[in-house]
Amino acid sequence: MGKFIVRGGHPLNGSVKIQGSKNAVLPILAASLLNKGTCKLNNCPNLRDVNVAIEILNIIGAETSFTDHTIRITCKEIKETVVPNHLAAEMRSSIIFLGPMLARCKEISISYPGGCEIGPRPIDLHIKALKKMGAEIFFANEGILRCRANELIGCEMNLDYPSVGATENIMLAAVYAKGRTIINNPAKEPEIISLQNFLKAMGVSVYGAGSGRIVIEGREEIACDMEFDIIPDRIEAGTMMAAAAITGGELYLQNIIPGHIRPIILKMTEAGCHIQEEEDSLKVTAPKRLKAVDITRTSPYPGFPTDMQPQTVAMLSLAQGTSIMIETVFDNRFGYTEELKKMGADIFVEGRAAIIRGVPELYGSYVKSKDLRGGAALILAGLAAKGETIVDGAVHIERGYDKIEDKLRNVGADIIKID
Ligand code: EPZ
């Protein structure tokens, strides 16, 4: 599983280059199946989830290479339509292969994605939409989802909830559907706009991403060599801002899009940080002690991102005063707070709300990471805690952060990773 060993008390100081976005590159890797030509993706993060997605592409029949943050994918023909269970189980977001496989070869079998530490991860919105487009989706034995479609027909649909994954699956299925597909109430995340830009670069007529209505015109097969730059990871940027905030340090973040992290910038400012923004970078300077933030409610973009909830709670556990965090996106995303309490945090969780009473100090301890962002929160707490913190379950954190220990060590953290 691997462990991070952190010795706290060092205010971070220096410059960090933000990685390419995990949640942008994963749907784009799936979307590359729509192209018989070569997709060249630049600024890709080297993450476990990215390597699992590449493994799935290889099994399906794509030729891939991944060198120095550039991934090349060429899928001339589909050779396999069954995604091995162990890969689908390892990466919940493998469900994103439904749309492009139904579009390209009209069938796919994949194990139903399990829930994870942040709550059940239903796919009812994906299934309802794809069925409306003409897909037949049924559960075979042992939780295998069998999907096929004689033909996908474009149609207008309403998402009951602006699900990121469901929006992505519909967009990808629609590329080879007959006629026009309209998605009302889609997700508006920057990763949706990035997927739209990738599809446009492939020659797809698609517009409206980021608004309340996305329109995709179905078309004939695509075979073109193209190149695309993956956008910066807004959640890694937020995590590094929280690292500066919790250690009373000052960090200069390069390769960011300030507009994608507006709610995070405002939250950090509310907590007493000073932020100086440039076009593709920013400097965050923390106060000696953070101020409590009254109420934070996570919500779909452009609201405060659920993926920054654990890191923010960790940071506020040392603030002056009491903060409240309300998690409206996932059912069970406060599991990590039990680990923070082992370090001396004073947090009370009731349902979707957490009350964080700021304490003057946290103490190093042995803690276990069970999910990606909760694990990041534990590292942040370790950076500020007195003494040594061992964060077990590094494997969860490596799903979303490319060499986080090197990045933090380069700006003054005392952190190592052991296998
Ligand atoms: C994406 O997950 C991200 N993952 C998540 O990031 C992120 O937290 C989430 O969007 C919300 O922003 C990737 O992009 C790979 P959803 P996704 O479908 O697509 C419910 C991280 O840490 N729902 O928008 O799975 C669902 O249960 C990860 O990087 C249904 O009810 O998120 C949840 O409560 C964690 N039925 C809510 O919607 C469905 O069919 C949001 O889910 C689908 C979703």
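The paragraphs below set out a description of the structure included in this document. Keep in mind that this is a model prediction, so the values were computed, not measured. (Residues numbered from 1 in each chain as written. Predicted model: local features only at pLDDT ≥ 70, side-chain atom pairs only at ≥ 80, totals over all residues. Heavy atoms only, no water.)

Attention now moves to the overall build of the chain. Check the secondary structure of the chain and you find 14 helices and 23 strands. Computed over the C-alpha atoms, the radius of gyration of the chain is 21 Å, within 12% of the 22 Å expected from 2.2 N^0.38 for a compact globule of 419 residues. For the chain, the C-alpha atoms occupy an extent of roughly 65 × 40 × 40 Å along the three principal directions. In the chain, which comprises 419 residues, the proportion classed as buried is 57%. (Helix = DSSP H or I, 4+ residues; strand = E, 2+ residues; numbered from the N terminus. Rg over C-alpha atoms; globule rule 2.2 N^0.38 Å. Buried < 20%, exposed > 50% of the residue type's maximum accessible area, 1.4 Å probe, protein only.)

Turning our eyes to something else, we now look at the layout of surface pockets. Put simply, the second largest pocket is a space of about 340 Å³. Every residue lining the second largest pocket is counted, 21 residues in all, and those nearest its centre are Ile246, Lys288, Leu318, Pro360 and Ala384. Of all the secondary structure elements, the ones that give two or more residues to the lining of the second largest pocket are helix H8 (234–247) and helix H12 (372–384). A per-element tally of the lining of the second largest pocket places H8 first, with 3 residues. Among the residues making up the lining of the second largest pocket, the classes are represented as 12 nonpolar, 5 polar and 4 charged. (1 Å grid on protein atoms, 1.4 Å probe; cavity = no way out; pocket = protein on both sides within 12 Å on 5 of 7 lines; lining within 4 Å. Points joined across faces, edges and corners; volume = space filled by probe spheres on them. Nonpolar A, V, L, I, M, F, W, Y, C, P; charged D, E, K, R; others polar.)

Counted under the stated rule, the structure contains 24 salt bridges. The residue Glu191 makes a salt bridge to Arg234 at a minimum N-O spacing of 2.8 Å. Of the two residues, Glu191 is situated in helix H7 (residues 190–201) and Arg234 in helix H8; the sequence distance between them amounts to 43 residues. Taken together, the shared-partner salt bridges in this structure form one network comprising Arg7, Glu388 and Asp414. (Salt bridge = Lys/Arg side-chain N within 4 Å of Asp/Glu carboxyl O.)

What follows covers helix H6 (residues 164–174). Within H6, 9 of the 11 residues are buried, which leaves it mostly tucked inside the rest of the structure. Listed as buried for H6 are Ala166, Thr167, Glu168, Asn169, Ile170, Met171, Leu172, Ala173 and Ala174. The residue sitting at the N-terminus of H6 and contributing the capping side-chain oxygen is Ser163; that oxygen lies 3.5 Å from the backbone nitrogen of Gly165. (Polar contact = N/O pair within 3.5 Å; in protein donor to acceptor, adjacent residues only side chain to side chain.)

Once that is clear, we can look at the site of the ligand. Taken together, 23 residues lie near the ligand, and Asp124, Leu125, Ser163, Asp307 and Val329 sit nearest. In this structure, an oxygen atom belonging to the ligand sits 3.0 Å away from a side-chain N or O atom of Asn23. When the free accessible area of the ligand is taken as 830 Å², the share hidden by the protein chains comes to 87%. Secondary-structure elements contributing two or more residues to the shell around the ligand are helix H1 (22–31), helix H5 (124–132), H6 and H12. The greatest single-element share of the shell around the ligand, amounting to 3 residues, is contributed by H5. Looking at side-chain class alone, the shell around the ligand contains 10 nonpolar, 6 polar and 7 charged residues. (Near = heavy atom within 4 Å. Areas by Shrake-Rupley, 256 points an atom, 1.4 Å probe, with all protein chains shown as cover.)

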